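# Per-entry structural report
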Amino acid sequence: MSELVFAPRQDPHVERLEVGAARTPILILDGLLSGGQALVDHAAETAVLAPVKPAANFYPGVRAPAPVAYVQALVRTLRPYLAETFGVPPGGRAGVSCALSMATLPAGQASPAQRLPHIDTPEPNQLAILHYLCGPDHGGTAFYRHRETGLDVVDPERSQAFFTTLRRQIDAGPIPPGYIRDSGALFERIGAVEAAFDRIVVYPSRLLHAGILPDAPVSLDPRWGRLTVNTFYRYETA
């Protein structure tokens, strides 16, 4: 396979949404980088997608490290948009983790924690960057408010109360079968972004969210399955 090349495209389509009581921003970019199909081919032909251990990560599927060239191009191209929408220092230091990801776990084998909305961290200086390498038939990403606590953003001061309440609710059960898609007894859906090939969605990691997943994977082939690139961008404010 030839060398992977990713370059900024001219005039990407940019949209900004706000959700929840705090009007948390969500950034949507279509056509930001070239090389999306090559990344799919890389996932299908070269990458070694392996199961994620639940003890380390609750992602319901398989992952592999993203190519370094992609990570560098993504961060370099996104920086001005992150500064404008989230106030991220445009030249500041950041820690980045990035993985090719495919949701492959049938809902019947997933734990409640894998099927319900979640946060990635309560810390304020981390963004989730989700790059869809699949079409709209694979579902997008939805955002939620936890009904009992009223939280849609879980910060460090309120995280213990949130997780204690959610654990009590899960233990009391039963949790409805299947991956969550809409509102339910525990969570109210407050917004959603549809999947589209080469669409990038950016949101704070402490915003409650969940992939709109089918209860059984459409395909285990990266060319046909729910392939995404999941990036966590941890930035310093000073």
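Everything numeric in this text was worked out from a predicted model, so none of it was measured.

### Overview of the overall build of the protein
Of the regular secondary structure elements, the protein holds four helices and eleven strands. Whereas a compact globule of 238 residues would reach a radius of gyration of roughly 18 Å, the protein reaches 17 Å, a difference of no more than 12%. By sequence separation, contacts in the protein at least 24 residues apart represent 83% of the contacts at least 6 residues apart. Accessible surface, the protein as shown: approximately 11,400 Å² in total, 53% of it carbon and sulfur. Positive and negative side-chain charges of the protein, numbering 21 and 23 respectively, have mean locations separated by a distance of 4 Å.

### What about the side chain of His138?
By the secondary structure assignment, His138 is in the loop between β6 (126–132) and β7 (141–146). Residue class for His138 comes out buried when judged on its relative accessible area of 6%. From its side chain, His138 meets the backbone oxygen of Trp224 in a polar contact 2.9 Å long. Apart from residues no more than four positions distant in its own chain, His138 is found in contact with Ile212, Pro214, Val218, Trp224, Gly225 and Arg226.

### Regarding the sheet that holds strand β1 (residues 13–19)
Spatially, the eight strands line up as an open sheet ordered β1-β2-β9-β6-β11-β5-β4-β3, and their pairing is antiparallel. Looking along the sheet, the strands with just one partner apiece sit at the ends: β1 and β3 (50–51). Strands β1, β2 (24–30), β5 (94–103), β6, β9 (199–204) and β11 (227–235) of the sheet are contacted by helix α2 (residues 68–86), whose axis makes an angle of about 135 degrees with β2.

### Quick notes on the nonpolar core
Among the nonpolar cores identified, the biggest contains 35 residues, and Tyr70, Leu82 and Val202 are the most heavily contacted of them. Contributions of two or more residues to this core are made by β2, α1 (36–45), β4 (61–65), α2, β5, β6, β9 and β11. Contact partners of Tyr70, with chain neighbours within four places excluded, come to Phe6, Leu33, Leu39, Cys98, His131 and Val229. Residues Leu116, Leu151, Ile170 and Leu208 belong to the second largest nonpolar core, which totals 16 residues.

Rules used throughout
- Residues numbered from 1 in each chain as written.
- Predicted model: local features only at pLDDT ≥ 70, side-chain atom pairs only at ≥ 80, totals over all residues.
- Heavy atoms only, no water.
- Helix = DSSP H or I, 4+ residues; strand = E, 2+ residues; numbered from the N terminus.
- Rg over C-alpha atoms; globule rule 2.2 N^0.38 Å.
- Contact = heavy atoms within 4.5 Å.
- Areas by Shrake-Rupley, 256 points an atom, 1.4 Å probe, with all protein chains shown as cover.
- Lys, Arg positive; Asp, Glu negative; His and termini not counted.
- Charge placed at Lys NZ, Arg CZ, Asp CG, Glu CD.
- Buried < 20%, exposed > 50% of the residue type's maximum accessible area, 1.4 Å probe, protein only.
- Polar contact = N/O pair within 3.5 Å; in protein donor to acceptor, adjacent residues only side chain to side chain.
- Pairing = 2+ DSSP bridges.
- Axes fitted to C-alpha atoms, helices over the stretch in contact; angles between N-to-C directions.
- Core = buried A, V, L, I, M, F, W, Y, C linked by side-chain atoms within 4.5 Å.

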